[in-house]
Amino acid sequence: MRMQLLKAAQECTRCLMKKAQLKTGETIIVLIIFFILLAGGMVFYAKIQTYTSVKKVEEVQELNAIAIEQRIRHMSEISCTIDGSVIFDCYDIMKVEALQETIEDYKSYYGTVIFPNSRVVITSVYPDNEEVVLYDYGYSDESVAVEPFRTPVTLYNPRDDTYNFGYITIGVYS
Amino acid sequence: MFSNKSQIDVQFNWIFILIVGAIILSFFVGVAVWYKGTQEQKIAADIVTKLDSLFMTAKESPKTARYTEIPQVELSFTCSATDCSDYGCPSYFSGGGISMSTETEALFTMRNLHGTNIITWSLEWDMPYKIANFLYLTNDAVRYVFVYDEDHKSAAHSAGALLAENSYITKETINIDTEEFSLIDKHDDFVRIVAFLDKGSLSEAKVTSYLGEREAGREHWDIIYIDGTAEAGTVVYEDGEVIYAGLPLLMGAIFSADSEFYSCNLQKTALQSEFVSNVYLKRTKELYNYFTLEDTERLYCSYYLGDDVQNAIENIASGLKSGEIDYDYVTELEENNAYAVIKSCPRVY
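So, a few notes on the structure that sits alongside this text. Nothing here was measured: the structure is a model prediction, and the numbers come from that model.

### Some thoughts on the packing of aromatic side chains
Logical step 1: Counted according to the given criterion, the structure contains 28 aromatic pairs over all chains.
Logical step 2: Measuring from ring centre to ring centre gives 5.2 Å for Tyr109 of chain A and Tyr110 of chain A, while their planes differ by 85°; the resulting arrangement is edge-to-face. We note that Tyr109 of chain A, like Tyr110 of chain A, is buried.
Logical step 3: On the basis of an interplanar angle of 35° and a centroid distance of 6.0 Å, the ring pair of Phe108 of chain B and Tyr262 of chain B is categorised as tilted. Residue Phe108 of chain B is found in strand S5 (residues 107-108), and its partner Tyr262 of chain B is found in helix H5 (residues 259-294); the two are separated by 154 residues along the sequence.
Logical step 4: Residue classification places Phe108 of chain B among the buried positions, given a relative accessible area of 0%.
Logical step 5: An aromatic cluster is built from Phe108, Trp121, Trp125, Phe134, Tyr136, Tyr144, Phe255 and Tyr262 of chain B, whose rings are joined through pairwise contacts.
Logical step 6: Positioned over the ring face of Trp221 of chain B is Arg214 of chain B, at 4.3 Å from the centre of the ring.

### Focus on the sheet that holds strand S7 (residues 117-126) of chain B
All names here are of chain B.
Logical step 1: Spatial strand order, S1-S7-S8-S5: four strands in an open sheet with mixed pairing. Two strands bound the open sheet, and with one partner strand each, they are strand S1 (65-69) and S5.
Logical step 2: Where S7 and strand S8 (residues 130-138) come together, eight bridges link them in antiparallel fashion. What sits directly across from Trp125, in S8, is Ala132.
Logical step 3: With respect to the sheet, H5 is in contact with S5, S7 and S8, its orientation differing from that of S8 by roughly 155°.

Each value, and the rule that gives it
- Residues numbered from 1 in each chain as written.
- Chains lettered and ligands numbered in written order.
- Predicted model: local features only at pLDDT ≥ 70, side-chain atom pairs only at ≥ 80, totals over all residues.
- Heavy atoms only, no water.
- Phe/Tyr/Trp six-rings, centres within 6.5 Å; stacked < 30°, edge-to-face > 60°.
- Buried < 20%, exposed > 50% of the residue type's maximum accessible area, 1.4 Å probe, protein only.
- Helix = DSSP H or I, 4+ residues; strand = E, 2+ residues; numbered from the N terminus.
- Lys NZ or Arg CZ within 6 Å of the ring centre and 35° of its normal.
- Pairing = 2+ DSSP bridges.
- Contact = heavy atoms within 4.5 Å.
- Axes fitted to C-alpha atoms, helices over the stretch in contact; angles between N-to-C directions.

Encoded structure:
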């Protein structure tokens with residue numbers, strides 16, 4: 001009888017230990033699954049972030065093009081003036097030519113502060129067809145550019161007091 | 001033995017749960033803290049970026065004053081006159097730990113602006129051709145008190161009339177020859193007393209009696225003395241004396257925190273004037289050659305583009321760089337332009 005009782009107690013202890021081991025195992029499995037899900041989520045988040053940052057770079061390039069366009073629009077150096085009063089969206093072609101030379105003298109300033117990583121071209125379309133590259137940062141084949149930004153302008157020639165229609169093209173590269 | 005083993009097992013389970021729970025909890029707390037910090041930085045960056053575009057817009061709209069409500073953020077402005085280079089002067093504005101460079105922009109303001117609003121104002125600076133637009137920043141917690149006597153009436157009236165175009169600025173005017181000098185303490189963040197008087201003639205003790213003692217490092221008022229005309233003159237700050245040419249620069253001096261801040265922005269402007277003058281000089285020379293060599297039927301136009309005019313442009317640029325501005329060259333170019341128009345010749349500017 002005593003032996004039987006002892007055997008039953010031993011069986012019960014083993015059974016309890018098995019149960020506890022099972023519980024711990026369950027918890028560990030739950031944790032593993034939890035961390036797998038967490039890692040999956042993190043990988044997914046990182047992928048989304050990479051995609052977003054690529055889009056962001058494009059957006060920044062577009063914004064830079066707009067910022068450069070704004071800067072050019074308000075540049076005291078090239079705008080048409082009548083006794084100092086600025087005529088908006090009009091550029092004096094002789095000032096543009098003079099600025100081309102000035103840029104050569106102050107390349108680091110214009111290249112860094114005014115036209116960073118960009119190519120600025122002023123094109124006259126009517127009545128004369130002419131193209132002036134105001135600034136070109138010298139992009140390489142690997143450089144990536146967004147769609148160039150174009151804005152219509154009037155070009156004034158003080159030599160014969162005439163106006164041309166044209167546009168400015170701003171390309172920003174990374 | 002059975003009881004002991006099961007007790008240990010239960011205790012182990014609880015300890016295990018507690019440790020894992022703590023790890024999970026600390027992970028999420030960490031993520032939350034990191035996210036909060038990032039978001040705070042993002043908000044501050046957003047405010048500063050929006051302010052930057054607000055400043056840019058304001059700058060390109062001369063003679064337009066704007067009052068803008070902003071979140072409660074302390075804006076700090078720095079500009080180092082001693083470290084200027086060929087690119088400009090190292091200068092920044094910052095809010096909430098995020099800063100933005102204003103290396104090439106002429107921006108006149110106090111070093112710190114507190115409050116929930118900002119007043120932007122811009123003026124075009126012509127010498128006589130347009131060199132740059134100046135941006136002035138302040139808020140309604142800064143009060144400007146113009147004090148003048150009959151001897152300095154002309155400059156005071158010109159500056160006062162120009163400043164009156166900005167209806168958002170808190171401004172008072174006192175003519176000490178016709179009325180008693182007195183001030184009311186309105187608990188402004190800062191009171192700038194703009195004295196069109198002889199240097200040091202305004203009693204500081206009297207100002208102290210109205211506005212209270214100044215604490216070192218946290219001054220809430222100061223006096224600047226202006227001596228000159230609307231065209232040119234000098235401004236005396238507590239930390240030094242500077243020069244101005246034209247009302248836009250005088251306004252710059254009135255809005256600037258101190259002589260270093262003003263000088264720093266003046267240097268940025270001088271750099272800008274160098275580029276602009278360079279373009280005007282090259283264009284003038286090119287036009288001169290065109291009329292003397294190609295369009296000889298209008299050879300007379302070269303008279304308005306000759307050496308005198310070219311020298312005037314050179315002298316304006318060099319004068320701004322050296323700080324010795326001669327307004328006669330500006331007048332010379334203005335007159336030259338007027339005559340060129342009469343003769344149907346291209347204007348210099």
